[in-house]
Amino acid sequence: MDLSADVCLKIYTDMWRIRLFEEEADRQTNLGNVVGTLHMYCGEEAVATGVCANLRDDDYVLGTHRSHGHCLAKGAKSDQMMAELWGKATGTCKGKGGSMHVADFSLNMLGANGIVGAGIGPTTGTALASKLRGTDQVSVCFFGDGAAARGTFHEAIAMGSLWTLPVVYVCENNGYQQWVPRENVAVVDSVADMAASYSIPGVSVDGQDVVEVYEAAGEAVKRAREGGGPTLLEARTYRFYGHSLGDEQQYRTTEEVDEWKQNRDPIKLLAQFMRDRNWLSEEQDQTIQANAKAEISAATKFAEESPWPSAEEVETDVVAPVQEVA
Ligand SMILES: Cc1ncc(C[n+]2csc(CCOP(=O)(O)OP(=O)(O)O)c2C)c(N)n1
Ligand SMILES: [Mg+2]
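Residues numbered from 1 in each chain as written. Chains lettered and ligands numbered in written order. Predicted model: local features only at pLDDT ≥ 70, side-chain atom pairs only at ≥ 80, totals over all residues. Heavy atoms only, no water.

### Focus: the overall build of the protein
Summing up its helical and strand segments, the protein has 11 helices and 7 strands in all. Relative to its length of 326 residues, the protein is compact, with a C-alpha radius of gyration of 19 Å against a globular reference of 20 Å. Taking the principal axes of the C-alpha coordinates as reference, the protein spans close to 50 × 50 × 40 Å. When each of the 326 residues of the protein is scored for burial, the buried share is 51%. Working note: accessible area of the protein is about 14500 Å², and carbon and sulfur atoms make up 53% of it. (Helix = DSSP H or I, 4+ residues; strand = E, 2+ residues; numbered from the N terminus. Rg over C-alpha atoms; globule rule 2.2 N^0.38 Å. Buried < 20%, exposed > 50% of the residue type's maximum accessible area, 1.4 Å probe, protein only. Areas by Shrake-Rupley, 256 points an atom, 1.4 Å probe, with all protein chains shown as cover.)

Following this line, the structure appears as structure tokens:
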């Protein structure tokens, strides 16, 4: 599952799109334009991009409260997402979801989710649906290390294993669960080690290294698609910002954060990997960053100029009868 120059360029571009989208969303929140809090994904971009680069358009993805990166990597449009954060009618969910509930069913991106661990069950469900329908779609669920302590994790993975479902459970182990370091609350250091309890492969990778993430995810997606069942993939990663806005981060030192930003930034690491292979010229790098910047500026303008939802919309799409998803 080697990473070609083209795949690398696509991933590198998406990482910049995610980074700049979030920095702009953070700025717009400070300006009072984004409603509600944000959970920033900056620092973890290699996980969403490395995994999603292995997916087909019709594969399913479910996310977390920290899902801007998962949505963008699955193909969500940055202008609709920015409008969603602003609560505008043109948003991905017509402004009713906000940052923690971005979903785009047209992309089989079935949603971010404000409830910790709540995506693991539905992903097992979409995987079961694919198996029963005889399609070879793969379902992927992203969740944090904190979610691995929830009952939904245990129940859903046990089912996924028992029924040999086409699913990849991706744990983004960023070492913290809100303000609590993992070592204070977890008896098992590696989430991947928990896979043994369910008789599925557990793989742990450096989540800052997109090459490792891409290759391990590629194996897991292939295994799922070919009927081999689930994999639990743990990506060791780090969030550069606080848990959510207004977090004073007294549980970690600025030295620790600076060390990760300086030496473990997934964007810098991928840029170096590509330069070492002559896959990224200085000019290409500048063009990629300039394009991402222009895209995000246009997204903000789109959000700003978009209309608010009308009052009649308040009850539509909020409660829906059970629907088929494609
Ligand atoms: C069921 C549930 N319990 C508690 C919360 C409050 N909460 C929101 S995020 C979070 C921490 C989640 O940690 P982790 O799963 O490691 O994800 P991370 O924030 O590190 O990405 C908590 C406790 C919640 N949203 N849902
Ligand atoms: Mg965490």
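### What to know about the site of ligand 1
Around ligand 1, 15 residues are found, and the nearest of them are His 65, Arg 66, Asp 145, Gly 146 and Asn 174. One of the backbone N or O atoms of Val 116 is found 3.1 Å from a nitrogen atom in ligand 1. Asn 174 places a polar side-chain atom, nitrogen or oxygen, 2.8 Å from an oxygen atom of ligand 1. In isolation ligand 1 exposes 580 Å². Once the protein is present, 73% of that is buried. (Near = heavy atom within 4 Å. Polar contact = N/O pair within 3.5 Å; in protein donor to acceptor, adjacent residues only side chain to side chain.)

### Some remarks on the pattern of salt bridges
Pairing between side chains of opposite charge can happen when the charged atoms of each approach one another. Under the criterion given, the structure shown has 17 salt bridges. Across the pair Asp 59 and Arg 225 runs a salt bridge, and its minimum N-O distance is 2.7 Å. Here Asp 59, found in the loop between helix H2 (45–52) and strand S1 (60–62), pairs with Arg 225, found in helix H8 (residues 210–225); they are 166 residues apart in sequence, far enough to count as distant. Residues Lys 222 and Glu 226 are paired through a salt bridge, measuring 3.6 Å at the closest nitrogen-oxygen approach. Look at Lys 222 and you get partly exposed, because its relative accessible area is 41%. Residue classification places Glu 226 among the exposed positions, given a relative accessible area of 60%. Salt bridges sharing partners connect three or more residues here, namely Lys 10, Asp 14, Arg 17 and Glu 295. (Salt bridge = Lys/Arg side-chain N within 4 Å of Asp/Glu carboxyl O.)

### Side note on the coordination of the magnesium ion (ligand 2)
Around a metal, the perfect tetrahedron of four donors has angles of 109.5 degrees, and the perfect octahedron of six donors has angles of 90 or 180 degrees. Those donors, Asp 145 (OD), Asn 174 (OD1) and Tyr 176 (O), are the protein atoms that reach the magnesium ion (ligand 2), and they lie 2.1 to 2.2 Å from it. Each donor residue of the magnesium ion (ligand 2) belongs to the same chain, with the gaps between them written as D-x28-N-x1-Y. The exposure classification of Asn 174 matches that of Tyr 176, with both residues buried. (Donors = N, O, S within 2.8 Å, 3.2 Å for Na, K, Ca; no water.)

### Concerning H8
For an α-helix, 3.6 residues make a turn, and residues three or four places apart therefore share a direction. In this model H8 runs 21 Å from its N-terminal to its C-terminal C-alpha over 16 residues, within 8% of the 22 Å that 1.5 Å per residue would give. Looking only at H8, the buried set comprises Val 210, Val 211, Val 213, Tyr 214, Ala 216, Ala 217, Gly 218, Ala 220, Val 221 and Ala 224. A positive phi of about 90° marks Gly 227, the residue just after H8. (Expected span 1.5 Å × (residues − 1).)

### Examining the nonpolar core
Counting residues in hydrophobic clusters, the biggest one holds 66 residues, and the most contacted among them are Tyr 12, Val 140 and Val 168. Looking at this core, the element that brings in the most residues is helix H1 (residues 5–30), giving 10 residues. Leaving out residues up to four positions away in the same chain, Val 168 has contacts with Val 138, Ser 139, Val 140, Cys 141, Ala 220, Val 221, Ala 224, Thr 231 and Leu 233. Counting residues in hydrophobic clusters, the runner-up holds 19 residues, among them Ala 127, Phe 143, Met 194 and Tyr 198. (Core = buried A, V, L, I, M, F, W, Y, C linked by side-chain atoms within 4.5 Å. Contact = heavy atoms within 4.5 Å.)

### A short note on a negative patch on the surface
On the surface, Asp 2, Glu 212, Glu 215 and Glu 219 cluster together to form a negatively charged patch. Mapped onto the secondary structure, Glu 215 falls in helix H8. (Patch = residues over 30% accessible without salt bridge, like charges linked within 9 Å, V, L, I, M, F, W, Y side chains within 5 Å. Lys, Arg positive; Asp, Glu negative; His and termini not counted. Charge placed at Lys NZ, Arg CZ, Asp CG, Glu CD.)

### Thoughts on the sheet that holds S1
Strand order in this open sheet of 5 strands is S1-S2-S3-S7-S6, and the pairing throughout is parallel. Whereas interior strands pair on both sides, the edge strands pair on one side only; in this sheet they are S1 and strand S6 (202–206). With strand direction ignored, the average angle separating the axes of adjacent strands in the sheet is 20°. As paired strands, strand S2 (residues 139–144) and strand S3 (residues 167–173) are joined by 6 bridges and run parallel to one another. In the strand pairing of S3, Gly 144 is matched with Glu 172. Of the strands in this sheet, S2, S3 and strand S7 (231–236) are in contact with helix H6 (residues 151–162), which crosses S3 at around 150°. Contacts from H8 reach S3, S6 and S7, with the element oriented near 155° to S6. (Pairing = 2+ DSSP bridges. Axes fitted to C-alpha atoms, helices over the stretch in contact; angles between N-to-C directions.)

### A short note on the packing of aromatic side chains
Evaluation of the coordinates by the stated rule reveals 6 aromatic pairs. When the ring of Tyr 176 is compared with that of Tyr 251, the centres are 5.2 Å apart and the planes differ by 50°; the resulting orientation is tilted. Residue Tyr 176 is located in strand S4 (residues 176–177), and its partner Tyr 251 is located in the loop between S7 and helix H9 (254–263); the two are separated by 75 residues in the primary sequence. Across this residue pair, the class does not change: Tyr 176 and Tyr 251 are buried. Here the aromatic rings of Tyr 238 and Trp 260 are separated by 4.5 Å at their centres, their planes lie at 5°, and the arrangement is stacked. Pair noted here: Tyr 238 is in the loop between S7 and H9 and Trp 260 is in helix H9, with a separation of 22 residues, a long-range link. The partly exposed category is assigned to Trp 260, whose relative accessible area is 22%. (Phe/Tyr/Trp six-rings, centres within 6.5 Å; stacked < 30°, edge-to-face > 60°.)

### Some thoughts on the pairing of S3
For a regular strand, the rule is simple: side chains alternate between the two faces of the sheet. Burial within S3 is extensive, with 7 of its 7 residues counted as buried. Side chains of S3 alternate between two faces, with Val 167, Tyr 169, Cys 171 and Asn 173 and Val 168, Val 170 and Glu 172 buried alike. Between S2 and its parallel partner S3, the chain crosses via H6, and the hand of that crossover is right-handed. Sheet topology places S3 next to S7; 6 bridges connect them, and they run parallel. (Right-handed = clockwise from strand over helix to strand, strands pointing away.)

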